[in-house]
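Structural overview
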Amino acid sequence: MLNHGQYIQGPEVFELEAELAAYTGRKHCISCASGTDALLMSLLAQGISYGDAIFTTPFTFIATAEVIQLLGATPIFVDIRDDTFNIDTSKLEIAIDKCQSNATLIPRAIIPVDIFGLPAHYKMIEEIGEKFNLCIIEDAAQSFGGEIKNKKACSFGDIGTTSFFPAKPLGGYGDGGAIFTNDSEVAEKLISIRNHGQGKSKYNNIRIGINGRLDTIQASILLEKMKIFPEELRQRIVIAKKYSQNLNQYFKCQHVPEGYGSAWAQYSVLAASTKERSICMEKLKDSGIPTVIYYPKPLHLQGAFSDLNYSTGDFPVAESISQRIFSLPMHPYLSDASISEICDILISCKELVQ
Ligand SMILES: Cc1ncc(COP(=O)(O)O)c(C=O)c1O
């Protein structure tokens, strides 16, 4: 990359796009500067703006709903399931129906999130999308490598978006993201949007866009990391299995439905109470083992969305899970000894609480 010096939109960017499109089974991959830009650009390509309603989960990173609000559209949150922590499709249909009968906002899209790497329930979501004529944008920021019956994450719905933030399953050495679609017209729009709405030539701008390009240096790094990605993913799956075998009878772990494969961006467990979670996290910390809470506050209770007038009790499942969930160390190079130590400490905490 340093030899050819094409730091912006160099050949590695397009090489990576071809490789990622082939990996996910999508016709087009449009790389971009981050997972947030991937979502923003996807909404821009759909012409989402003021008066539009976008259905999503409150149990996610802020970026998922932030981009909706940024465009003047309205996020409508739908509670999650207590087993997979993904959007509850039975509640999704009710929320869309309600929005339609209120007639103040126009339902336009659904953004399901593949939380912790586990794809959402796309069979149902795609049926609902078709029934109500809504665009489905899969937020696969955490799930690159995940799958449902051998169909890869980023290939569900109309558009899939992912992130190459360093901590993600396919992480770069900085920010990065990508968008996947089979729709050539949408792909063309996205290429224009990522480059200031460029038309046929550099100083011909045909729409409002952004500077959303992936740096060539990140593409070069991601191309190298793709060589070891299948093996790293396999290791994550092995580690998750070991955690589950040790912890299943003591803690509720994320349920992976039959035929689903998680990319295990995070391995998260549910404590019985907030108090039990604090004890577990403290004990692990005492042994130098880090844990993180994803997410301590669901989005409908965040100040950034106060104008939406949600309150405590609106999404009881997401609220209850936020109070009890925590994530354990998860990366492909976690040793058996570390896994055993973590599990032993957690099991001893369970006995301490009882
Ligand atoms: C579910 C979800 N959506 C979107 C994003 C945004 O990705 P990025 O940090 O690359 O902008 C993230 C990243 O943490 C995420 O977890």
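Further up the page is the structure itself.
Residues numbered from 1 in each chain as written. Predicted model: local features only at pLDDT ≥ 70, side-chain atom pairs only at ≥ 80, totals over all residues. Heavy atoms only, no water.

Mapping Glu66 onto the fold places it in helix α3 (residues 63-70). Remark: the alpha-carbon pair of Glu66 and Ile94, spanning 28 residues in sequence, is separated by 23 Å. (Helix = DSSP H or I, 4+ residues; strand = E, 2+ residues; numbered from the N terminus.)

Time to look at the pairing of strand β5 (residues 135-139). For β5, the tally of buried residues reaches five of five residues, placing the bulk of the element in the interior. Of the two faces of β5, the one carrying Cys135, Ile137 and Asp139 and the one carrying Ile136 and Glu138 are both buried. Two elements, strand β4 (residues 106-111) and β5, share two bridges in a ladder whose sense is parallel. Residue pairing across strands places Ala109 opposite Cys135, the latter belonging to β5. Sheet analysis places β5 next to strand β8 (residues 159-163), joined by three bridges and oriented parallel. By the bridge assignment for β8, Asp139 is matched with Thr161. (Buried < 20%, exposed > 50% of the residue type's maximum accessible area, 1.4 Å probe, protein only. Pairing = 2+ DSSP bridges.)

Another point: helix α1 (residues 11-24). With 14 residues, α1 ought to run about 20 Å at 1.5 Å a step, and its terminal C-alpha atoms sit 20 Å apart, in line with that. For α1, the full list of buried residues reads Glu12, Val13, Leu16, Glu17, Leu20, Ala21 and Thr24. The inward-facing, buried residues of α1 abut β1 (28-32), β7 (151-152), β9 (177-181) and α7 (216-247). Following α1 by one or two positions, Gly25 has its phi on the positive side, about 80 degrees. (Expected span 1.5 Å × (residues − 1). Contact = heavy atoms within 4.5 Å.)

Here we take up the side chain of Thr57. Locating Thr57 in the fold gives a position in the loop between β2 (52-56) and α3. There is a polar contact of 2.8 Å between the side chain of Thr57 and the backbone nitrogen of Phe59. Sequence-distant contacts of Thr57, that is, excluding residues within four places in its chain, are made with Phe77, Val78, Ile80, Ile87, Ile111, Val113 and Leu299. (Polar contact = N/O pair within 3.5 Å; in protein donor to acceptor, adjacent residues only side chain to side chain.)

Here we take up helix α2 (residues 35-45). Side chains three or four residues apart in an α-helix point the same way, a direct result of the helix having 3.6 residues per turn. By the criterion of burial, α2 is predominantly enclosed, with nine of the 11 residues buried. Of all the positions in α2, only Gly35, Asp37, Ala38, Leu39, Leu40, Met41, Ser42, Leu43 and Ala45 are classed as buried. With a side-chain oxygen positioned 3.3 Å from the backbone nitrogen of Thr36, the residue opening α2 is Ser34. At the C-terminal side of α2, Gly47 shows a positive phi close to 70 degrees.

By size, the foremost hydrophobic cluster in this structure holds 25 residues, and its most contacted members are Tyr243, Leu247, Tyr267, Phe326, Leu328 and Leu346. Residue assignment for this core shows that the elements contributing at least two residues are α7, β12 (267-270), α8 (274-286), β13 (325-328) and α10 (336-353). When residues of this core are assigned to their parent elements, the largest contribution, seven residues, is made by α10. Excluding anything up to four places from it in sequence, Leu328 contacts Tyr243, Leu247, Tyr267, Val269, Leu284, Thr291, Ile342 and Leu346. Core analysis: the second largest hydrophobic core is formed by 24 residues, Ile54, Ile68, Ala109 and Ile159 among them. (Core = buried A, V, L, I, M, F, W, Y, C linked by side-chain atoms within 4.5 Å.)

The strand order across the open sheet built from seven strands is β1-β9-β8-β5-β4-β2-β3, with neighbouring strands paired in mixed fashion. Across the chains shown, the open sheet's two edge strands, defined by having one partner strand only, are β1 and β3 (74-77). Geometrically, the sheet is characterised by an average inter-axis angle of 25 degrees between neighbouring strands, direction not taken into account. The pairing of β8 with β9 spans five bridges and is antiparallel. In the strand pairing of β9, Ile159 is matched with Thr181. (Axes fitted to C-alpha atoms, helices over the stretch in contact; angles between N-to-C directions.)

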